[in-house]
Amino acid sequence: MKNSLRITEIFYSLQGESRTLGLPTVFVRLTGCPLRCVYCDTEYAFHGGERRQIEDILTQVASYKPRYVCVTGGEPLAQPECHALLSALSDAGYEVSLETSGAINVEQVDSRVSKVMDLKTPGSGEMHRNLMDNIAFMTRHDQIKFVLCNREDYDWARFQLDAHNLAAKAGEVLFSPSFGQLDATDLANWIVEDNLPVRFQVQLHKLLWNDAAGH
């Protein structure tokens, strides 16, 4: 249905990751995802949801009086009308970010939107879904994220960092330990030892709210 999307939830919380970590943010979580990463923490967004008009979504977002809005999923770009939503939110004056898996083309994403794009590691189980051509569409306004499950993932991500000159193509490269799989201190130590041009992050929302939905 034109100008509508299937929505799992809209809520106001603190941004748990990315360069706006800790800032009050409205999250618009779209339903559906073609990937099945082993560490996925939003399986409840794979199915169901409620179809809502973009105008209705904007009204609810405005009720929180936010500065920042994050469109997430699932995989938001699996719904083609996501592009219209991103542009409408940008037109409304919000600082908008998009959390995307990197498995769907990002070329047409509104340039005002900060793309936070994953590159899936071997440990994710979905490395074969990486659309590496997307790297060419990343700018200094965007962020590339690696969720790391183990040392093998770290070494793989470090290779990608060098092979594709990612620190120059994106504004920030984010290295995050998969919660409960990779010790955060180990990852922090590896980054410092190798002097990598990346931002270490942990998922703040998991520390504060134990991964509860709506946070």
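In what follows, the structure referred to is the one given above.
Keep in mind that this is a model prediction, so the values were computed, not measured. (Residues numbered from 1 in each chain as written. Predicted model: local features only at pLDDT ≥ 70, side-chain atom pairs only at ≥ 80, totals over all residues. Heavy atoms only, no water.)

A. Seen up close, the nonpolar core. Judged by nonpolar contacts, the single largest core of 44 residues is most densely connected at Val28, Leu85, Phe146 and Phe175. Broken down by element, this core gets its largest block of residues, five residues, from helix H2 (residues 82-91). Apart from the residues within four sequence positions on either side, Leu85 is in contact with Leu5, Val28, Leu30, Ile54, Ile57 and Val71. Grouped together as the second largest cluster of nonpolar side chains are seven residues, Cys37, Phe46, Val147 and Cys149 included. (Core = buried A, V, L, I, M, F, W, Y, C linked by side-chain atoms within 4.5 Å. Buried < 20%, exposed > 50% of the residue type's maximum accessible area, 1.4 Å probe, protein only. Helix = DSSP H or I, 4+ residues; strand = E, 2+ residues; numbered from the N terminus. Contact = heavy atoms within 4.5 Å.)

B. Local environment of the layout of surface pockets. Roughly 170 Å³ of internal volume is contained in the second largest pocket. As for the second largest pocket, its lining consists of 15 residues, of which Thr20, Glu95, Val96, Ser97 and Ser114 are closest to the centre. Elements that contribute at least two residues to the lining of the second largest pocket include exactly strand E4 (68-72) and strand E5 (95-100). Partitioning the lining of the second largest pocket into residue classes produces four nonpolar, eight polar and three charged. (1 Å grid on protein atoms, 1.4 Å probe; cavity = no way out; pocket = protein on both sides within 12 Å on 5 of 7 lines; lining within 4 Å. Points joined across faces, edges and corners; volume = space filled by probe spheres on them. Nonpolar A, V, L, I, M, F, W, Y, C, P; charged D, E, K, R; others polar.)

C. Spatial organisation of the state of the cysteines. For the structure on display, the rule yields zero disulfides. Looking at the unpaired Cys33, the closest cysteine sulfur is the one in Cys40, lying at 6.6 Å. The thiol sulfur of Cys37 is not disulfide-bonded, and the nearest other cysteine sulfur, from Cys40, lies at 6.7 Å. Since its relative accessible area comes to 11%, Cys37 is described here as buried. (Disulfide = S-S within 2.5 Å.)

D. Quick peek at the pairing of E4. Most of E4 is tucked away, with five of its five residues classed as buried. Here strand E2 (residues 24-30) pairs with E4 via five bridges, running parallel. Directly across from Thr25, in E4, lies its bridge partner Tyr68. Relative to E5, E4 runs parallel, the two being bridged by four bridges. Counted as the bridge partner of Cys70 is Ser97 from E5. Traced from E4 through H2 to E5, the parallel crossover comes out right-handed. (Pairing = 2+ DSSP bridges. Right-handed = clockwise from strand over helix to strand, strands pointing away.)

Worth remembering: the numbers are spatial, not functional.
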